[in-house]
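Report on the structure
These are the residues of each chain, in order.
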Amino acid sequence: MIENLLVANRGEIACRIFRTCRDLGIRTVAVHSDPDAGALHVRQADAAVRLPGAAPADTYLRGDLVVAAALAAGADAVHPGYGFLSENAAFARAVEAAGLTWVGPPPDAIEAMASKTRAKRLMGVEPLDPDALTEADLPVLVKAAAGGGGRGMRVVREMGALKAELAAARAEALSAFGDDEVFAEPYLERGRHVEVQVLADAHGTVWALGTRDCSLQRRHQKVIEEAPAPGLPRALAEELHATAVRAARAIGYRGAGTVEFLIGPDGAAHFLEMNTRLQVEHPVTEAVHGVDLVALQLRVAEGAPLPPEPPAPRGHAVEARLYAEDPARGFAPQTGTLHALDVPGVRLDTGYAAGDAVGVHYDALLAKAVAHAPTRAQALRLLAGALERARVHGPVTNRDLLVRSLRHPEFAEPGRADTGFYDRHLDALTAPPPDGRYAAVAAALAEAAARPGPGAWRNVLSQPRLRVYGEEYGSGGAEHEVRYARTRDGYDLPDDPGVRVVAADAREVRLDVAGVVRPYRVTVRPGSDTVHVDTPTGAHRLTRRPRFTDPAERTAPGSLLAPMPGTVVRVAEGLAEGARVEAGRPLLWLEAMKMEHQVTAPASGVLTALHAEPGRQVEVGALLAVVEADTGAEGDAVAETDTAPGAGADTEAEADAAPGAGADTEAEADAAPGADAVAGPDTVPGPGPDAVARPAVDR
């Protein structure tokens, strides 16, 4: 029997495993890097052991340190979670050699499927040699052979791009997995990503726990998953089940695993790979089959047999991954303090709590929200509604994208959505919400209500006041000038004659717009210019703007500023000051939250300054380079990246417009009163790839 379990992982999966351990009476041990010293998984464990350093290669990927930690803490078993060392056969052997129970498949089974090229050959599929590709092979998907999670994945549609994409894929694979082997496979433009959950014991029983559809992806990383996969013909589903069971039996599998397929437009199934671990999306299978997969993993590791047949499926489940990233800026990763995370009415798996910091070292996944209902339509409605009403304050997230995706007519139609969904619909799904103006009005009134009353001589009750808010959305967002005047009966809005203020205090404002009254909950924190406005139909993230920008804050024309915090991993070969660059040329690569982001020249011209070198850590807004454009265009540029075209993590607002005649302005220093006062139930700010990414936390 397992009595004391070390989880060789971090974040939400460590917390998820700890939850089952508590239910079973098993003591728990966490390991942590220095940035994770105060993380939620550390706080929830019965004991914790430090892994010195910050980078995954120095901490969570150091199998020797993890085994030593288990022995030091008196653990008798190790669960790898997913990502990091979960599919590392050498680590599994080291765990067993230390006399510990390995909660995972046999090392030989891991090894058989660890290389994607070997796995394909085992299943009768011959991968393409990336160095022997021809025009007739295109388009192809270049993939890392030693790992998944979207790391090292590149779509190649033109032979002219092949060399550069192969180099980039190999470099990223080497960084993520310590192995630069890549291979290629035909790329299906409109395929569906469908997988089968398997669970096997040491007594010959292999379960196929239904299918999952994970087709909604960006940059090869899953965003929304569901079970069962909708719209699959019964014969196809049975074929997938049989293939998955055959794969597990072929390698003597034991424990939980996933066999992944790509379903082409013609309905044909193509084997992708087998992940020899628990998947991020396992909760949807748990919900539909009424099982705890972690508990079953532990049971199998203890040598117990599974029942002959798995529980029958019931209903439909959908999971949405809430990331600290900005979809409107190419999914740029975001950092900062998470002040609130409240998603009511659904299962929430998370590795964060209010007050925790979202850093740059690891995965940007904040939480997974999971809804289960009798039908698919009901599950989609439940999850969309829960996310819409959620309070997520802090870094920008993909919450709005999730809500709109769940309600999109293409996704609502069973089996219609494919892996190209976001390529087709991203612009519409990331458009600013329509009621941003009313959110800004509510923010201004809540901040005004928080002030005790007229202070200086200029604050005459009948004199209109002005507040300016920038709506943080994508590369810009609207700017709202809100004028209001206090009256004996409340507030007057001279620029918004169709809006009536029903009630206003420091935490909630109720506005009547065209006869419909809606509440706006407003949250502002001392020392922050970020204002969160939550409504029953969505949320808004606003920033107070000054009337005039500080000239001292401006940089040289043509400056390229870091669009996100991260580490410079490469600089273009031969790039030096004085070099001529063409618009769109890759200049350097940043790594943030385990994904690489290519920074390109925004215009053709001459590189007059280069302040980036490999290994340098940069903050948002750091000066990376200066390109003197041929056109002589002036102004600052936020470095363009392959994930954030034309947009930066922090855009400078141009709020220099003077207020209208007779309007007074409230000083920017009209700070919201006392700690955490000003609006709504408390809770976040900060800066944020298509199938499953992040090296450390492989999806």
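Worth saying up front: this structure is predicted, and the values here are computed from it rather than measured.

A separate point is the sheet that holds strand β8 (residues 182–186). Pairing is antiparallel across the open sheet formed by 3 strands, whose spatial order is β7-β6-β8. In this open sheet, the two strands that pair with only one neighbour each are β7 (154–156) and β8. Taken pair by pair, the neighbouring strands of this sheet meet at an average axis angle of 30°, ignoring direction. Here strand β6 (residues 140–144) runs beside β7; their pairing, made up of 3 bridges, is antiparallel. In the sheet register, Val142 faces β7, and the bridge partner there is Arg154.

Glancing now at the nonpolar core. In this structure, Ile224, Val343, Leu383, Leu387, Leu406, Phe411 and Tyr422 are the most contacted members of the largest nonpolar core, which totals 37 residues. Put simply, the parts of the chain that give this core at least two residues each are β11 (221–227), β14 (316–323), β21 (365–373), α11 (376–388), α12 (399–407) and α14 (421–429). Element by element, the count of residues in this core is highest for α11, at 6 residues. If we ignore the near neighbours within four places in the chain, the residues touching Leu383 are Val318, Glu319, Ala320, Val346, Ala369, Val370, Ala371 and Leu406. Leu199, Val291, Leu306 and Tyr323 belong to the second-largest nonpolar core, a separate cluster that totals 30 residues.

The strands making up a sheet associate through hydrogen bonds between their backbones, and the pairing can be parallel or antiparallel. Taking strand neighbours across the sheet as the criterion, the 5 strands line up as β3-β2-β1-β4-β5 in an open arrangement whose pairing is parallel. Lying at the two open borders of the sheet, with one neighbouring strand each, are β3 (47–50) and β5 (101–102). Judged from the 3 bridges that link them, strand β1 (residues 4–7) and strand β4 (residues 77–79) form a sheet pairing that is parallel. Looking across to β4, one finds that Leu6 is bridged to Val78.

Rules and cut-offs
- Residues numbered from 1 in each chain as written.
- Predicted model: local features only at pLDDT ≥ 70, side-chain atom pairs only at ≥ 80, totals over all residues.
- Heavy atoms only, no water.
- Pairing = 2+ DSSP bridges.
- Helix = DSSP H or I, 4+ residues; strand = E, 2+ residues; numbered from the N terminus.
- Axes fitted to C-alpha atoms, helices over the stretch in contact; angles between N-to-C directions.
- Core = buried A, V, L, I, M, F, W, Y, C linked by side-chain atoms within 4.5 Å.
- Buried < 20%, exposed > 50% of the residue type's maximum accessible area, 1.4 Å probe, protein only.
- Contact = heavy atoms within 4.5 Å.

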